[in-house]
Amino acid sequence: MATTSISFSETPLLNLTLRRADDALILGHRLSEWCGHAPIVEEDIALANIALDLIGQSRALYDYAAQVDSSGLTEDHFAYRREQHQYRNCLLVEQPNGDFATTIVRQVLFSAFMDLYWREMMKSGDESLAAIAAKAEKETAYHLRHSAEWLIRLGDGTNESHARAQAALDELWICSGELFESDEVERSLIDAGLAPDCGSLQESWQNRIQPILREATLKIPSTPFMQSGGRCGRHSEHLGYILADLQYLQRAHPEAVW
Amino acid sequence: MYTQALNAISDEPADQSAEAARFQAQVDAEQKIEPNDWMPEAYRRTLVRQISQHAHSEIVGMLPEGNWITRAPSLKRKVALLAKVQDEAGHGLYLYAAAETLNVAREELIEQLLSGKAKYSSIFNYPTLSWADIGAIGWLVDGAAIMNQIPLCRCSYGPYARAMIRICKEESFHQRQGYGIMLTLARGTSGQKAMAQDALNRWWWPCLMMFGPPDSESQHSDQSTRWKIKRFSNDDLRQKFIDATVPQAHYLGLAIPDKEFTFDEASGHWKSGPIDWAEFKRVLSGGGPCNRERMRVRRKAHENGAWVREAALAYAEKRRARRDAIKIAAE
Amino acid sequence: MSEKHLPLWEVFIRSRSGLAHKHCGSVHAADAEMALQAARDVYTRRGEGNSIWVVPSGAITASDPADKDELFAPALSKIYRHPTFYEVPDEVGHM
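Residues numbered from 1 in each chain as written. Chains lettered and ligands numbered in written order. Predicted model: local features only at pLDDT ≥ 70, side-chain atom pairs only at ≥ 80, totals over all residues. Heavy atoms only, no water.

Draft legend 1. Here's a closer look at the overall build of chain C. In terms of regular secondary structure, chain C is built from 2 helices and 3 strands. Listing every helix and strand of chain C by position from the N terminus yields β-β-α-β-α. Per-residue burial over chain C gives 29% buried out of 95 residues. The contacts in chain C between residues at least 6 apart in sequence include a share of 44% that link residues at least 24 apart. (Helix = DSSP H or I, 4+ residues; strand = E, 2+ residues; numbered from the N terminus. Buried < 20%, exposed > 50% of the residue type's maximum accessible area, 1.4 Å probe, protein only. Contact = heavy atoms within 4.5 Å.)

Below, the structure is given as structure tokens:
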């Protein structure tokens, strides 16, 4: 065979589904790296819970993608057999875990967005996406609660924890703008009432984030630009290494069933 | 299991007091000893060591398996493995909680682990070199652990027994998951079959060693038995494990890596060749393939987490002070 | 430098409406919200939770086992509290 990668026709609906699925898988994968390394045992368990929720969401979404594509591909084909430029996750989720503050900031920024997104998606004319959204929203609400509580503890804890939290926020803020991008791919779906307009969620997101950051005594960074490119497959250097790990066995044993 | 008869109980003279007699009568009558009950100091110390070693084993045990979460070859396997490793963290936590009912803080116990004073099961000092190792660990290591844990559900100390019951309920999917992986590999490509056999070759002997030294070399297990902390002999459990596991290996079409392995018609048991107890001693005393790495990782996690724990405490203190200030202002 | 410990909290879970909360173990946490979330993450992974109580371990007062006779024996002697003390003729049916 020439390649072990899949080929498929990426319709707007498929593209949208993969954006959400890849976000969930890559972030879940990153969180699973904490297993056995967290600051206290209780947090090993908590982060694993969030990871399990996210990977579970990705499975539901990949499964739906496979149905929509209907060429006989499975969840694992989408998760393991695309090339880097075909992944549609945002840059935020592929950032390294860094220290605990970095992981927590990443989680707050992402979950605050996804909570709003899933609530809107629950109104989708697409029944499958609406059902996935209903389950995901409950999980996401807890992810936000857990990570927001931690951000407040770290921001308003000790001098060291405050400095680390602020540094993490300064570092990751430039990845937050991408969450609200809206492009032609999603336009037809938005107009058909099948998907939320990410851009319309930005104000609510800011209203959600600001009180948390205020209570955490953290300053919103001022940034002249936002990073972008994930949605069209132009990723940071980090994704390559994630995929090398994730895909290795499937690529090395392409005929095998696991 | 993760207890491996690693401790010697100190030779204290048997307590002759009325309390000691009442205590032993309670144990003999299969009545649980609870945290507030009178107990011999040696009983308390032995339990703290045994329970905490078991807890340390669960926590360290997250590392060899956690190693393969990012490389799990399917989404189904990925979530199953992540859930299993998460369960292990939970088990460690239940056991630390049980140990803490005996007047010792979790932080003290962790300090003992990280300083090298406390032991943990030798099995986790071996590396996971392939995906098949994940199958082998679930099948063999968890299988061996279950053999020891079920009798412990009836141990005399209430909190430990209850933690073991909870653990055993959760553990049932761990072994099946492992065996399921081995089955898939054994029925798979020639590469997968070879992977499975190689994993069995490397994990078989260390798993037999998990049951601890032979009974002839075991010290002081009489006292543990009398106190109903230890319910079966090492050799008995090891034999039980071998007899249960061999047919499972045969079903997979895999060979036990033991040239002297035979079936004894007379007793109906599978007889193992000689175990390399020198390797066991070496691994226990720090000379296994992964001892240093495991401890390095746990120390790093603990040290890197210090500022987080401090922040949590500092914030809680600030909140308390603010609440008190509001109360005073309102008066 | 010796680190200050995260306090210990006892965890009580009610698994279904109608049942009482049952003690199932403990967690370490810096504050009540952290303890509640830890208890939820640690003790209800298999859907065993409907309501959670967390209590600082130091807040619990336990009876002294030495007082067992004093506290509990008098109840044992009042057997007239037990239904088996009373005979009901079979013809009357179950009561």
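Draft legend 2. Structural context of the overall build of chain A. The secondary structure content of chain A amounts to 10 helices and 0 strands. The order of α-helices and β-strands along chain A, N terminus first, is α-α-α-α-α-α-α-α-α-α. At 18 Å, chain A has a C-alpha radius of gyration in line with the 18 Å of a compact globule built from 258 residues. Referenced to the eigenvectors of the C-alpha coordinate spread, the extents of chain A come out at roughly 55 × 40 × 35 Å. Relative to its full complement of 258 residues, chain A shows a buried share of 61%. For chain A, the exposed area adds up to about 9,700 Å²; of that, 50% sits on carbon and sulfur atoms. Distance from the positive charge centre (22 side chains) to the negative charge centre (38 side chains) of chain A: 2 Å. (Rg over C-alpha atoms; globule rule 2.2 N^0.38 Å. Areas by Shrake-Rupley, 256 points an atom, 1.4 Å probe, with all protein chains shown as cover. Lys, Arg positive; Asp, Glu negative; His and termini not counted. Charge placed at Lys NZ, Arg CZ, Asp CG, Glu CD.)

Draft legend 3. Structural view of the interface of chain B and chain A. On the side of chain A, 48 residues touch chain B, which itself brings 43 residues to the contact. At the surface where chain B touches chain A, the tally comes to 16 residue pairs in polar contact (both at pLDDT 80 or more). Among the elements of the structure, helix H2 (41-66), helix H3 (75-100), helix H6 (158-186), helix H7 (190-209), helix H11 (291-304) and helix H12 (306-330) of chain B are those that each provide at least two residues to the side of chain B that touches chain A. By residue number, the principal contributor to the side of chain B that touches chain A is H3 of chain B, which donates 12 residues. (Polar contact = N/O pair within 3.5 Å; in protein donor to acceptor, adjacent residues only side chain to side chain.)

Draft legend 4. Representation of the interface of chain C and chain A in the model. With 13 residues of chain C at the contact, the number on the chain A side is 11 residues. Between chain C and chain A lies a buried interface of about 1,100 Å² when both sides are counted; carbon and sulfur atoms form 52% of it. When the area that chain C buries against chain A is broken down by residue, the three leading residues are Met 34, Gln 37 and Asp 41 of chain C, summing to 44%. Applying the counting criterion to the chain C and chain A interface returns 2 salt bridges. The residue Arg 153 of chain A makes a salt bridge to Asp 31 of chain C at a minimum N-O spacing of 3.3 Å. Contributing elements (two or more residues each) for the side of chain C that touches chain A: strand S2 (22-28) and helix H1 (32-43) of chain C. With 8 residues, H1 of chain C is the largest single contributor of residues to the side of chain C that touches chain A. Residue classes in the side of chain C that touches chain A are distributed as 6 nonpolar, 2 polar and 5 charged. (Buried area = accessible area lost by both parts, 1.4 Å probe. Salt bridge = Lys/Arg side-chain N within 4 Å of Asp/Glu carboxyl O. Nonpolar A, V, L, I, M, F, W, Y, C, P; charged D, E, K, R; others polar.)

Draft legend 5. The environment of His 77 of chain A, seen in detail. Residue and element names in this part refer to chain A. Checked against the element boundaries, His 77 lands in helix H3 (residues 75-80). With a relative accessible area of 26%, His 77 lands in the partly exposed category. When neighbours within four sequence positions are excluded, His 77 is seen to be in contact with Ile 6, Gly 72 and Arg 82.

Draft legend 6. Here's a closer look at the environment of Ile 152 of chain A. Along the chain, the position of Ile 152 of chain A falls in helix H6 (residues 127-155). Between the C-alpha atoms of Ile 152 of chain A and Ile 55 of chain A, which are 97 residues apart in sequence, the distance is 26 Å. Once you skip the residues sitting within four places of it in the chain, Ile 152 of chain A turns out to touch Gly 157, Ile 212, Glu 215 and Ala 216 of chain A together with Tyr 315 of chain B.

Draft legend 7. A look at the sheet that holds strand S3 (residues 51-56) of chain C. Residue and element names in this part refer to chain C. Read across the open sheet, the 3 strands follow the order S2-S1-S3; overall the sheet is antiparallel. The two strands at the open ends of the sheet, each matched to only one other strand, are S2 and S3. With direction set aside, neighbouring strand axes in the sheet form an average angle of 30 degrees. Of the pairings in the sheet, the one linking strand S1 (residues 8-14) to S2 comprises 6 bridges and is antiparallel in character. Considered in S2, the bridge of Glu 10 is made with Ser 26. The sheet contacts of H1 involve S1, S2 and S3, and relative to S2 the element is tilted by about 120 degrees. (Pairing = 2+ DSSP bridges. Axes fitted to C-alpha atoms, helices over the stretch in contact; angles between N-to-C directions.)

Draft legend 8. Here's a closer look at helix H9 (residues 202-215) of chain A. With 14 residues, H9 of chain A should cover 20 Å at 1.5 Å per step; its first-to-last C-alpha distance of 20 Å lies within 8% of that length. On its buried face, H9 of chain A is in contact with helix H5 (100-121), H6 and helix H7 (159-172) of chain A. (Expected span 1.5 Å × (residues − 1).)

Draft legend 9. Molecular detail of the pattern of salt bridges. A full pass over the atoms with the stated rule returns 38 salt bridges over all chains. Residues Glu 186 of chain A and Arg 19 of chain A are paired through a salt bridge, measuring 2.9 Å at the closest nitrogen-oxygen approach. Of the two residues, Glu 186 of chain A is situated in helix H8 (residues 184-191) and Arg 19 of chain A in helix H1 (residues 12-32); the sequence distance between them amounts to 167 residues. Here Arg 19 of chain A falls in the buried class, since its relative accessible area comes to 2%. A salt bridge links Arg 45 of chain B to Glu 41 of chain B; the nearest nitrogen and oxygen atoms lie 3.8 Å apart. Highlighted residues: Arg 45 of chain B and Glu 41 of chain B, both in helix H2, separated by 4 residues, approximately one helical turn. Residue classification places Arg 45 of chain B among the partly exposed residues on the basis of a relative accessible area of 31%. Assessed through its relative accessible area of 37%, Glu 41 of chain B is described here as partly exposed. Overlapping salt bridges bring together Asp 115, Arg 119, Glu 137 and Arg 208 of chain A as one network.

Draft legend 10. Fine view of unusual backbone geometry. Residues and elements named next belong to chain A. Here Ser 70, not a glycine, exhibits a phi torsion of approximately 50 degrees, which is positive. Turning to its location among the elements, Ser 70 is positioned in the loop between helix H2 (41-69) and H3. Unusually for a residue other than glycine, Thr 217 sits at a positive phi of about 55 degrees. Structurally, Thr 217 is set in the loop between H9 and helix H10 (238-252). For Thr 217, a relative accessible area of 40% gives the class partly exposed.

Draft legend 11. Inspection of the nonpolar core at higher detail. Counting 202 residues, the largest nonpolar core has Tyr 117, Leu 151 and Leu 154 of chain A together with Trp 131, Tyr 157 and Phe 241 of chain B as the members making the most contacts within it. With residues up to four places along the chain from it excluded, the contact list for Leu 154 of chain A reads Phe 100, Ala 101, Ile 104, Ser 161, His 162 and Ala 165 of chain A together with Trp 307, Val 308 and Ala 311 of chain B. (Core = buried A, V, L, I, M, F, W, Y, C linked by side-chain atoms within 4.5 Å.)

Draft legend 12. Seen up close, the packing of aromatic side chains. Within the structure shown, the criterion is met by 20 aromatic pairs over all chains. Arranged with centres 6.2 Å apart and planes meeting at 75 degrees, the rings of Phe 23 of chain B and Trp 38 of chain B form a pair that is edge-to-face. Here Phe 23 of chain B is found in helix H1 (residues 18-28), whereas its partner Trp 38 of chain B is found in the loop between H1 and H2, with 15 residues between them in sequence. These aromatic residues form a ring-pair network of at least three members: Phe 113, Tyr 117, Trp 118, Trp 173, Phe 180 and Trp 205 of chain A. (Phe/Tyr/Trp six-rings, centres within 6.5 Å; stacked < 30°, edge-to-face > 60°.)

Draft legend 13. Up close: the confidence of the model for chain C. This prediction gives chain C a mean pLDDT of 82; 76% of its residues lie at or above 70. At the level of chain-chain contacts, confidence expressed as ipTM amounts to 0.97, with global pTM at 0.93. (pLDDT = per-residue confidence, 0-100.)

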